Amino acid sequence: SQQGEEDPQALSIQEGENATMNCSYKTSINNLQWYRQNSGRGLVHLILIRSNEREKHSGRLRVTLDTSKKSSSLLITASRAADTASYFCATDDGDYKLSFGAGTTVTVRA
Amino acid sequence: SQTIHQWPATLVQPVGSPLSLECTVEGTSNPNLYWYRQAAGRGLQLLFYSVGIGQISSEVPQNLSASRPQDRQFILSSKKLLLSDSGFYLCAQGVTGELFFGEGSRLTVL
């Protein structure tokens, strides 16, 4: 069953702007991960944040995790046209399986 | 590095016909392997996962089956396809909790 839910469903921004998307989940987790999917392709792992971490950075990506609110956010700074994709959060509750949300579709306009 | 090969990339099949999607992986031995399905514009639904040869766990009762005849081979099958089996099928390999995905197989059942 799907645990993570992303918000918004779709986001359109101008190149150079920041993009923020959120993920909420329902049960306790070991870690939360974010993936990117370009149209018609497989998913690519972006970043993993463990349940005892609050913030993590990777290049232009910043992820936060609030376990008390069961929510996470992904921030993409200084967006580029190549960032146009769907972004998914996935939760790992420690049983070898990841549960994915429905994703946020991001369009970066030139 | 983790490389996932999936074939065929695209498949159009009539209702009632059989199905075989193949996935082979490179990299670590005895990997955890997964089959996910993605309906158009939706998130990923976990169908099957395997922690070793001949070990298959099914997540959702359905018209599909999976087999793992070799350590790095994972096969998704159906004896008789339904219209509802249409979708984008993704094979993934789990490595230290992260998933590496293949490029997917797009199945259209007519």
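Each remark here, short or long, concerns the structure printed above.
Definitions and limits used
Residues numbered from 1 in each chain as written. Chains lettered and ligands numbered in written order. Predicted model: local features only at pLDDT ≥ 70, side-chain atom pairs only at ≥ 80, totals over all residues. Heavy atoms only, no water. Helix = DSSP H or I, 4+ residues; strand = E, 2+ residues; numbered from the N terminus. Rg over C-alpha atoms; globule rule 2.2 N^0.38 Å. Contact = heavy atoms within 4.5 Å. Lys, Arg positive; Asp, Glu negative; His and termini not counted. Charge placed at Lys NZ, Arg CZ, Asp CG, Glu CD.

1. Details of the overall build of chain B
At step 1: Along the backbone of chain B there are zero helices and 11 strands.
At step 2: Counting from the amino terminus, chain B carries its helices and strands in the arrangement β-β-β-β-β-β-β-β-β-β-β.
At step 3: Computed over the C-alpha atoms, the radius of gyration of chain B is 13 Å, within 12% of the 13 Å expected from 2.2 N^0.38 for a compact globule of 110 residues.
At step 4: With the C-alpha coordinates aligned to their principal axes, the bounding extent of chain B is approximately 40 × 25 × 20 Å.
At step 5: Pairs at least 24 residues apart make up 52% of the contacts formed inside chain B by residues separated by at least 6 positions.
At step 6: Computed over 7 positive and 7 negative side-chain charges, the inter-centroid distance for chain B is 10 Å.

2. Digging into the environment of Gly40 of chain A
At step 1: Relative to the helices and strands, Gly40 of chain A resides in the loop between β4 (31-37) and β5 (43-50).
At step 2: Along the chain, Gly40 of chain A and Ala82 of chain A lie 42 residues apart, while their C-alpha atoms are 15 Å from each other.
At step 3: With residues up to four places along the chain from it excluded, the contact list for Gly40 of chain A reads Phe88, Glu103 and Arg106 of chain B.

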